[in-house]
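Coordinate analysis (summary)
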Amino acid sequence: MQQGGGSETEVTWEDQQNINKFGRLNNRFHELEDEIRIAKETNENLEDASNELILTDEEVVRFQIGEVFTHMSKEEVESKIEQMQEVTSKNLEKLEEEKDSMLAQMAELKKILYGKFKDSINLEED
Amino acid sequence: MASSSAVSERRGIPGASFVEDVQIYLTQSGLDANSALSFLQERLQQYKLVEMRLLAQQRDLQAKIPDIEKCLDIVATLQVKKGTGEALIADFEVSEGIYSRACIEDTDSVCLWLGANVMLEYSCEEAVALLQKNLENARASLEVLVGDLQFVRDQVTVTQVTIARVYNWDVHQRRSRQAASTTPKES
C-alpha cells in the first residue's frame, strides 16, 4: 500500500476492517481466476476427447482412471465423458458467479475507501 | 498497547493489535517512531513466514484430495465390474513410457497404500468407507487451513497499515517541528 505524505486522515477500526476485507476478496479473486482457467481447460479437453471418440472406429477405448488406463467400450466412455462435462460445467458456472460477486463487493469497498482516503490509499493491481 | 477490537490470537498465531491513536501507542509503548517501525517490520516478517508455511501445507492438501478421489473412482469401477463377471483390463505404467497390461478378475477386496511402506487389504466396502473418511478429513483440514491463512493475511494487512500510519505520523511531526523552528526567525 502507498504511504501518504503525512496525511491527516485517521484510520478507524472500521476502516481497518474494510481494508482487511478488500485484501481477502482480492486474494480470493486471484484464486478464482486460476480455478476458472483450469475448469475451462478441463472443459476443452473433455470436448476434444469427445470429438476424438466420435472419429475413432475402435470399439475398445483406453480410459484413464487414476494412474491406469482401463479398457472400456465406446459407449461407456461416451457416458463417462458426458458426466464429467456436466460436473465441470456446473462447477465453472458456480465459479463465475462467485467471481462476479467478488468484483461487485470489491467495487463497493473501493468506493468507500477511496471516498475517505482519496490518494492516501492504493487499491489497484501493481 | 492501544486497544484491540480484534481476535487476540488464532491457533498459536498472535493477532496484531489495532492502533487507535498513533501518539498514544508510541507514548504507551515508550518507543520512538523508528524503534516502533523496526518492531512492526519484524512482526511483519514473522507473519510472512507463517504465511509461507501455511501456503505449503495448503498445496500439499490440495494435491492429496484429487488423489483420494481417483482411488475412490477406481474402487467404484471395480465394484461396477463385479456384477458382470467380466475381468477388467487395464494398462498401467511400469516405467517411463513403458506400459503393461493387467487383467483384474472379479474381486471382493482391494489393497490400499497407507504410506510408510504399508499396504493393507480391505474389502471393497471397507475401502470405500476408509477413503471417504480420509477425503472428508482432508477437506475439513483444508477448510481450517484456509481460515488460518485468512487470519494471518488480515494481521499482515493490519501491521502494514500501522507501519504506514506510524511513518506518516513521524513525517507529520518532523514537518511541524520544522515549521515551529523557522517561525521565530520571522518575528
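Residues numbered from 1 in each chain as written. Chains lettered and ligands numbered in written order. Predicted model: local features only at pLDDT ≥ 70, side-chain atom pairs only at ≥ 80, totals over all residues. Heavy atoms only, no water.

Description of the packing of helix H1 (residues 13-55) of chain A against helix H3 (residues 124-182) of chain B
Taken N-terminus to C-terminus, the directions of H1 of chain A and H3 of chain B make an angle of 130°; their axes are 9 Å apart at the nearest point. Judged by the inter-axis angle, H1 of chain A sits oblique to H3 of chain B. The chirality of how H1 of chain A crosses H3 of chain B is right-handed. Across from Gln-16, Ile-19, Asn-20, Arg-24, Asn-27 and Glu-31 of chain A in H1 of chain A, the residues of H3 of chain B making contact are Gln-150, Arg-153, Asp-154, Thr-157, Val-158 and Val-161 of chain B. Tallied by class, residues from the contact of H1 of chain A with H3 of chain B come to three nonpolar, five polar and four charged. (Axes fitted to C-alpha atoms, helices over the stretch in contact; angles between N-to-C directions. Helix = DSSP H or I, 4+ residues; strand = E, 2+ residues; numbered from the N terminus. Parallel < 35°, antiparallel > 145°, perpendicular 65-115°, else oblique. Left-handed = near helix turned anticlockwise from the far one by under 90°. Contact = heavy atoms within 4.5 Å. Nonpolar A, V, L, I, M, F, W, Y, C, P; charged D, E, K, R; others polar.)

Regarding the layout of surface pockets
Reported here for the largest pocket is a volume of approximately 2200 Å³. As for the largest pocket, its lining consists of 47 residues, and the residues nearest its centre are Ile-38, Thr-42 and Asn-91 of chain A together with Pro-66 and Glu-69 of chain B. Elements supplying a minimum of two residues to the lining of the largest pocket: H1, strand E1 (60-65) and helix H2 (74-117) of chain A together with helix H2 (33-84) and H3 of chain B. (1 Å grid on protein atoms, 1.4 Å probe; cavity = no way out; pocket = protein on both sides within 12 Å on 5 of 7 lines; lining within 4 Å. Points joined across faces, edges and corners; volume = space filled by probe spheres on them.)

Here's the deal with empty space enclosed by the protein
All names here are of chain B. Taken as a whole, this structure holds one cavity of 30 Å³ or more when the rule is applied. Considered as a void within the structure, the largest cavity measures approximately 50 Å³ in volume. As for the largest cavity, its lining consists of Leu-78, Lys-81, Lys-82, Glu-86, Leu-88, Ile-104, Glu-105, Asp-106 and Thr-107. Element by element, the count of residues in the lining of the largest cavity is highest for H2, at three residues.

As for the pattern of salt bridges
One side chain can pair with another of opposite charge once the charged atoms of both are near each other. Scanning all chains against the criterion turns up 23 salt bridges over all chains. Of the charged contacts in the structure, one is a salt bridge between Asp-15 of chain A and Lys-116 of chain A, with a shortest N-O distance of 2.5 Å. Here Lys-116 of chain A lies in helix H2 and Asp-15 of chain A lies in helix H1, a separation of 101 residues in the sequence. Take Lys-116 of chain A: its relative accessible area is 32%, and that puts it in the partly exposed class. For Asp-170 of chain B, the salt bridge is made with Arg-174 of chain B, and the minimal N-O distance between the two is 2.9 Å. One end of the pair is Asp-170 of chain B and the other is Arg-174 of chain B, both in helix H3 and four residues apart, which spans about a single turn. Classification of Asp-170 of chain B as buried rests on a relative accessible area of 11%. Salt bridges linked by common partners bring Arg-28, Glu-31, Glu-35 and Glu-98 of chain A together as one network. (Salt bridge = Lys/Arg side-chain N within 4 Å of Asp/Glu carboxyl O. Buried < 20%, exposed > 50% of the residue type's maximum accessible area, 1.4 Å probe, protein only.)

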